[in-house]
Amino acid sequence: MIHTYQFVVLVPYVAALILVAIPSYRVGAIVNVVASGLTFAAGLWLVGGERTVGHYAIVDEFNIVFIAINTLVGFTTSIFSASYIGHEIETGRLPPSFLRFYHAMFQAMMGSMNVSLIANNIGVMWVGLEIATLITVVMVGLYRTPQSIEAAWKYFILASVGISLAFFGTILIYLAGQPALGEGVPAMTWSLLEGAASKMDPAILDLAFIFLLIGYGTKVGLAPLHAWLPDAHAEGPTPISAVLSGLLLNVALYALLRFKMVIAGHPAALNPGPVMITMGLVSLVFAAFMLYQRRDIKRLFAYSSIEHMGLIVFAFGMGGPLANFAGLLHMAMHSLTKSGIFFAVGHIAQAKGTQRIAEITGLSESHPRLAIAFALAVLAICGMPPFGVFASEFLILTTTFAREPWLALVPAFGLLVAFGALLMRLQGVIFGEPAGQSHPVKASFVPIVMHLLLVLTAGIYLPAVLVAWFRRAAELLG
Amino acid sequence: MNEVYDISHLLAGVMLVTSFALLYQGRIASVVNTFAAQSITLSLAVAWAAWSQDRPDLFITATIAFTLKGVIIPIALHRTVARLGIHHEVEKVVGVGIALMVGLALTALAQALLLKVAHSPENYYAGEQLALALAIILLGFLMMILRRNAVTQVVGFMSMENGLILAATGARGMPLVVEVSVAFSVLIALFVFAVFVFRIRERFDTIDVGALDRMRGDRR
């Protein structure tokens, strides 16, 4: 018997198999969009359906948030990817023969991320994340330029070291759970581990959490483990940058948060909160300052992703229902806005034939519609009202002010620094005399507009259903 | 019961020694041979665990480790090295003396971390095995940092994976799912690595990873 939750995994994997057999990139792009749409439909069905805890899969209020974001952004990215890749083939940057694997890998990556999110087993979750990571490594090296190979190599080395350490942490968790739950699969099952945490050895839990934090923290892009992130974002195809920033970082964060829930179940174990607060704030402030020196537009927004992941980790580190709620909301808003920005940036880079910020000027004259979409998305990520990012950042800062007034100064300062940097760059890109090359682009505005509308709606009015849902998820987090 | 642990600790100890040997090898060919020796020791350790814990499924993992990492991958790497004509010296970032000292410090760190954890009697032996495995993982990590050559970095990474499999078998009753997936991931890893080794060669006429440092995006 097939359960609802199996569709979000089966559809992408079956689509990947079909796509390998399709030589034409036009047909491939259409199949890719259809498959992503079906996965999104399965995700929505899951949101509306019942919550189940099975042997292999777990669907609760917490991971369903991640699955919903994952399938939605996967769907919109596939629409963007169709128009982006079409342009790359016309200009000859990518040979069509690669595309067959590109679409198949895209689906396999989406499927692996969903496996990771839905698995009720710490080992299977690790496998899903590892496969998704390896696929993105190949995708980052897709252009085969010296820069993209350097980026892919660095990404591969750092990500595999991170993921190896995470696996060691996973073994330690198993070892901690084994006396309480018995040998075999039960000691690797999320739902059982969470309940049995108080019977585990706190010393092993502490050590495990350190390994898991360093391991999965590398994938989240927390400073000082972030070195792979800007290169991987800048050199790969832009749809992959959008998926990396919007989704893969979230999946790693999901892993970290699940383990935090287990560790938090033991009163004598290390409190993950202060460690996460410190790492989050260091990433936030460090990335905010790094924004000023960027000359490459995709690299700029890669650092902005580090900044926002830092803020999200900080919020979850603070803990409590309100901060967790704000963290989840900010994560959703960041995924939507940042992938929207990458959609715009991808078309801009194609229009101007360069990613160097200094060579992109006067966009409002040469490509007015693109300029408006880009400007709105950047204003949204800066935290300007009325967009949803403002609401979530405001919530994070106010809850922190209420509990630890002095601590709230640090994220507020970091956000202001980042705001200045992004606004300065935005001005240069939008206004001034258009210079350099200028190509017409058949940009597909549907994904960007969709994301912006969602973020705008969330900023103006959050439906009560959504609030209740996020609140239940936040409560699960403790 | 103690002989069981003595033999598994002996094999894990031999693996640790080969990890140290990997750090001071001067030629790429001998690095590959040392790695093969480590993988074969790993397959023995896993086979011993399979027999002593009465878990026949672990024999599959042992067989994979032996054929894939003990035979096929070393032969493939030897061929790659011969075809690219790079059988000369390994380029090192620091001298052998410093590398070995750092390696010793990492081993001591691994022991200190895990023996503190394994204070309860039922965890003691597993903890000892995990400490050795962690030392092997950290030494593989160290090797990746200290070597500039793409092939030796590959070997460092796979040596880390050896440590991971040792750790996974040290935890009693850990499901097979995980071991198979580790082997699987190594396969993909090798595929990815192979692609990159050839592409790096194709673009730069060298597999010295140091040549890549010039290609950082922002310094163009």
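Since this is a predicted model, take the numbers as computed values, not measurements.

1. Here we look at the overall build of chain B
Scanning chain B from N- to C-terminus turns up seven helices and zero strands. Written out in order from the N terminus, the α and β elements of chain B read α-α-α-α-α-α-α. Here chain B holds 220 residues, and 59% of them are scored as buried. Restricting the contact set of chain B to residue pairs at least 6 apart, pairs at least 24 apart contribute 75%. Carbon and sulfur atoms make up 67% of the accessible area of chain B, which totals about 9,100 Å².

2. Some words on the UniProt feature "transmembrane region" (unreviewed entry) in chain B
Residue and element names in this part refer to chain B. UniProt records the feature "transmembrane region" (unreviewed entry) at residues 6-24, 58-81, 93-118, 130-147, 154-174 and 180-198, using the numbering of this structure. Secondary structure content for residues 58-81 is 100% helix and 0% strand, and the end C-alpha separation is 32 Å. From the first C-alpha to the last, residues 130-147 spans 26 Å; its make-up is 94% helix and 0% strand.

3. A closer look at a nonpolar patch on the surface
All names here are of chain B. A cluster of nonpolar side chains, contributed by Ile 40, Leu 44, Phe 66, Val 71, Ile 72 and Ile 75, occupies part of the molecular surface with about 490 Å² of accessible area. Going through the elements one at a time, α2 (28-52) and α3 (57-84) are the ones with two or more residues in the nonpolar patch. Ranked by the residues each element gives to the nonpolar patch, the list is headed by α3, at four residues.

4. Focus on the UniProt feature "domain: NADH:quinone oxidoreductase/Mrp antiporter transmembrane" (unreviewed entry) in chain A
This chain's UniProt record puts "domain: NADH:quinone oxidoreductase/Mrp antiporter transmembrane" (unreviewed entry) on residues 119-410 of chain A. Along residues 119-410 of chain A one finds 79% helix and 0% strand; the C-alpha atoms at either end are 36 Å apart.

5. Observations concerning the nonpolar core
Counting residues in each nonpolar core, the largest one holds 230 residues, and the members touching the most others are A:Phe168, A:Tyr216, A:Phe301 and A:Phe374. Broken down by element, the residue count for this core peaks at 19 residues, all from helix α6 (residues 146-181) of chain A. What A:Phe168 contacts, discounting residues up to four positions off in sequence, is A:Phe211, B:Leu114, B:Leu130, B:Leu134, B:Ile137, B:Leu164 and B:Ala167.

6. Description of the environment of A:Ile430
Inspection of the secondary structure puts A:Ile430 in helix α17 (residues 405-430). Counting along the chain gives 76 residues from A:Ile430 to A:Thr354, while the straight-line C-alpha distance between them is 15 Å.

7. Here we look at the side chain of A:Asn121
All names here are of chain A. Locating Asn 121 in the fold gives a position in the loop between α4 (96-118) and α5 (122-140). Of note is the side chain of Asn 121, whose polar atom sits 3.2 Å from the backbone nitrogen of Val 124. Residues within four places of Asn 121 in sequence aside, it is in contact with Val 185, Met 188, Thr 189 and Trp 190.

8. Brief notes about the pattern of salt bridges
All names here are of chain A. Summed over all chains, the structure comprises eight salt bridges over all chains. Across the salt bridge formed by Arg 51 and Glu 61, the nearest N and O atoms sit 3.4 Å from each other. Here the residue Arg 51 occupies a position in the loop between α2 (25-48) and β1 (52-53), and Glu 61 occupies one in helix α3 (residues 61-90), the gap between them amounting to 10 residues. Arg 51 sits in the partly exposed class, given a relative accessible area of 29%. Judged by relative accessible area, which is 14%, Glu 61 ranks as buried. One salt bridge in this structure joins Arg 299 and Glu 235, with 3.6 Å as the shortest N-O distance. Taken together, the residues Arg 299 in helix α12 (residues 297-318) and Glu 235 in helix α9 (residues 228-235) connect sequence positions 64 residues apart. When its relative accessible area of 5% is taken as the criterion, Arg 299 is described as buried. Glu 235 sits in the buried class, given a relative accessible area of 11%.

9. With respect to unusual backbone geometry
All names here are of chain A. With omega at 5°, the peptide bond leading from Ala 223 into Pro 224 counts as cis. Of note, the bond from Pro 385 into Pro 386 is cis; its omega dihedral lies within 30 degrees of zero at 5°. Positionally, Pro 386 belongs in the loop between α15 (368-381) and α16 (388-403).

10. Some details on the environment of A:Val53
Residue and element names in this part refer to chain A. For Val 53, the position within the fold is in strand β1. Separated by 66 residues in the primary sequence, Val 53 and Ala 119 place their C-alpha atoms 9.9 Å from one another. Setting aside residues up to four positions removed in sequence, Val 53 forms contacts with Ile 58, Asn 120 and Ser 191.

11. Observations regarding the packing of aromatic side chains
All names here are of chain A. A full pass over the atoms with the stated rule returns 19 aromatic pairs over all chains. Taking the centre distance of 5.5 Å and the plane angle of 40° together, the rings of Phe 80 and Tyr 84 count as tilted. Of the two residues, Phe 80 and Tyr 84 are both situated in helix α3; the distance of four residues between them amounts to about one turn of the helix. Residue class for Tyr 84 comes out buried when judged on its relative accessible area of 3%. Taken together, the ring pairs in this structure connect Phe 62, Phe 66 and Tyr 254 into an aromatic cluster.

12. Focus: the side chain of A:Gln355
Residues and elements named next belong to chain A. Position of Gln 355 relative to the elements: it lies in the loop between α13 (320-352) and α14 (363-366). Of note is the side chain of Gln 355, whose polar atom sits 3.2 Å from the side chain of Asp 296. What Gln 355 contacts, discounting residues up to four positions off in sequence, is Ala 234, Arg 295, Asp 296, Ile 297, Lys 298, Ala 349 and Ile 360.

13. Quick word on the packing of helix α11 (residues 272-290) of chain A against α17(A)
Residues and elements named next belong to chain A. Relative orientation of the contacting elements α11 and α17 amounts to 25°, with a least axis distance of 8 Å. Classified by the angle between their axes, α11 and α17 sit roughly parallel to one another. Judged by the sense of rotation from one axis to the other, the crossing of α11 with α17 is left-handed. Across the interface between the two elements, Ile 277, Leu 281, Leu 284, Val 285, Ala 288 and Phe 289 from α11 touch Leu 407, Val 410, Pro 411, Phe 413, Gly 414, Leu 415, Val 417 and Ala 418 from α17. The residue makeup of the contact of α11 with α17, split by class, is 13 nonpolar, one polar and no charged.

Cut-offs used in this document
Residues numbered from 1 in each chain as written. Chains lettered and ligands numbered in written order. Predicted model: local features only at pLDDT ≥ 70, side-chain atom pairs only at ≥ 80, totals over all residues. Heavy atoms only, no water. Helix = DSSP H or I, 4+ residues; strand = E, 2+ residues; numbered from the N terminus. Buried < 20%, exposed > 50% of the residue type's maximum accessible area, 1.4 Å probe, protein only. Contact = heavy atoms within 4.5 Å. Areas by Shrake-Rupley, 256 points an atom, 1.4 Å probe, with all protein chains shown as cover. UniProt positions renumbered as here; feature names shortened; annotations may be inferred. Patch = residues over 30% accessible without salt bridge, like charges linked within 9 Å, V, L, I, M, F, W, Y side chains within 5 Å. Salt bridge = Lys/Arg side-chain N within 4 Å of Asp/Glu carboxyl O. Core = buried A, V, L, I, M, F, W, Y, C linked by side-chain atoms within 4.5 Å. Polar contact = N/O pair within 3.5 Å; in protein donor to acceptor, adjacent residues only side chain to side chain. Phe/Tyr/Trp six-rings, centres within 6.5 Å; stacked < 30°, edge-to-face > 60°. Axes fitted to C-alpha atoms, helices over the stretch in contact; angles between N-to-C directions. Parallel < 35°, antiparallel > 145°, perpendicular 65-115°, else oblique. Left-handed = near helix turned anticlockwise from the far one by under 90°. Nonpolar A, V, L, I, M, F, W, Y, C, P; charged D, E, K, R; others polar.

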